[in-house]
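# Descriptive analysis of the structure
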Amino acid sequence: MSKRSTWLLLTLIVVLGAALRFQVISTTVVNNPIRADARIYYFAALNLERWSVFSKAEPSESAPKPDAFVQPGLPFAITPLIEYPPTERMLFRINTIQAILGTLTILLTFSFFRLFTTPTIALGAALLTAISPHLVVMTTYLLTETLFTFLLMSCMVFFGYALRKEHTLLAVIAGGLLGLSALTRATTEYLPLFMLPFFFWLTTRRVFMQAVLPAVLTALAIIAAWKLRNLIAIGALSDTTLMVSALHHG
C-alpha cells in the first residue's frame, strides 16, 4: 500500500470516527446524567473548584472533609468546566472534549500499531477503534473510560518510540502519561512494577537504562505523589472501600 493511500484511508477512518462521536453526543439523551459514578466525579470536581479540596461530599456551605474515594484524574480534568447546578452546556462541553479525545485515540492507535506492523493492519486497528460501539457511546457519559483510553494509548505510543530510539525524554513523557492513566483508573497502578522485570528480560541493558527505567520511575513518582497526598489528608494510602469495590467487581 502506498503512503498516499495509507494517509487517505486514515483520514477517512478518523473522519468516520469523529462523525460517530459528535453525532452521538449531539443526539443521545441521557436520563439523569449526574448519577452513580458520574455524581461522585461531579461532586469531586465541584469541591475542587469551590474549596480546592478533593472530596466526593455533596455541596455545602463549608469545606468538606478530604477523601480518596475515587481516582483524581477525571475530576481534575473537568474542574475548569464545572458549573453548579449542572447544566446541559457543561455536559455538552465535557462530552465535546471527550469526543475530541476519542478521535485522537484513533490516530494514536494507528501510530502504535504502525511501530511494529504493516500499514494495512494499523489501519484495521484504527478502524476498529473508530467504530467500537463502547468507545463511541462512552463519550456521552461523565465517566473515566474515554480519558483513560486516550492517556493509555498516548503512553504506549511514546513508550514505543522511546524503546525504538532509546530516547529518555520520550520515555519520561510516556511514564508521565502512564502515571496519569493510573490516577484516572487504578487499573494501571501496578503496571510500572511489572514492566521492570519484563523489559529487563526483553531488552538490552542500554535500552532498559535509557528508556524503561525513566518511564517506570516517572510513573511511580506520579502515583506516589497521590499516595502521599492521601496519607497526609486521610491517614491512609487509599480508601479501603475503593479497594474492596475494585476486587469485588474484578
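These notes cover the structure that comes with them. (Residues numbered from 1 in each chain as written. Predicted model: local features only at pLDDT ≥ 70, side-chain atom pairs only at ≥ 80, totals over all residues. Heavy atoms only, no water.)

## As for the nonpolar core
In terms of nonpolar packing, the biggest core is built from 49 residues, with Tyr 42, Ile 78, Ile 82, Leu 142 and Phe 159 touching the most fellow members. Where this core is concerned, the elements lending two or more residues are α2 (36–51), α3 (73–78), α4 (88–114), α7 (145–165), α8 (168–182), α9 (191–202) and α10 (205–234). With nine residues, α2 is the largest single contributor of residues to this core. Ignoring anything within four residues of it in the chain, the contact list for Ile 82 reads Tyr 42, Ala 45, Leu 46, Glu 49 and Met 90. Core analysis: the second largest hydrophobic core is formed by nine residues, Val 14, Phe 110, Ala 122 and Leu 123 among them. (Core = buried A, V, L, I, M, F, W, Y, C linked by side-chain atoms within 4.5 Å. Buried < 20%, exposed > 50% of the residue type's maximum accessible area, 1.4 Å probe, protein only. Helix = DSSP H or I, 4+ residues; strand = E, 2+ residues; numbered from the N terminus. Contact = heavy atoms within 4.5 Å.)

## Looking at empty space enclosed by the protein
Applying the stated criterion across every chain, the model contains one cavity of 30 Å³ or more. The calculated volume of the largest cavity comes to roughly 70 Å³. What lines the largest cavity is simply Arg 21, Leu 101, Gly 102, Thr 105, Leu 135, Met 138, Thr 139, Glu 145, Thr 146 and Thr 149. Elements that contribute at least two residues to the lining of the largest cavity include exactly α4 and α7. Of the residues assigned to the lining of the largest cavity, the class counts are three nonpolar, five polar and two charged. (1 Å grid on protein atoms, 1.4 Å probe; cavity = no way out; pocket = protein on both sides within 12 Å on 5 of 7 lines; lining within 4 Å. Points joined across faces, edges and corners; volume = space filled by probe spheres on them. Nonpolar A, V, L, I, M, F, W, Y, C, P; charged D, E, K, R; others polar.)

## Some details on the layout of surface pockets
In this structure, the second largest pocket occupies an estimated 330 Å³ of space. Around the second largest pocket sit 14 residues that line it, and Ile 25, Thr 28, Val 30, Leu 91 and Asn 95 are the ones nearest its centre. Broken down by secondary-structure element, the contributors of at least two residues to the lining of the second largest pocket are α1 (3–27) and α4. Counting residues per element, the lining of the second largest pocket draws most heavily on α4, which supplies four residues. Residues belonging to the lining of the second largest pocket are distributed by class as follows: nine nonpolar, four polar and one charged.

## A few points about unusual backbone geometry
Backbone torsion omega between Tyr 84 and Pro 85 reads -5°, so that peptide bond is classified as cis. Along the chain, the position of Pro 85 falls in the loop between α3 and α4. The phi dihedral of Ala 36 is positive, around 50°, even though this residue is not glycine. Residue Ala 36 is classed as exposed on the basis of its relative accessible area, which comes to 54%. For Ser 52, which is not a glycine, the phi torsion comes out positive at approximately 60°. Following the sequence through the fold, Ser 52 ends up in the loop between α2 and α3. Using a relative accessible area of 65% as the deciding quantity, one classes Ser 52 as exposed.

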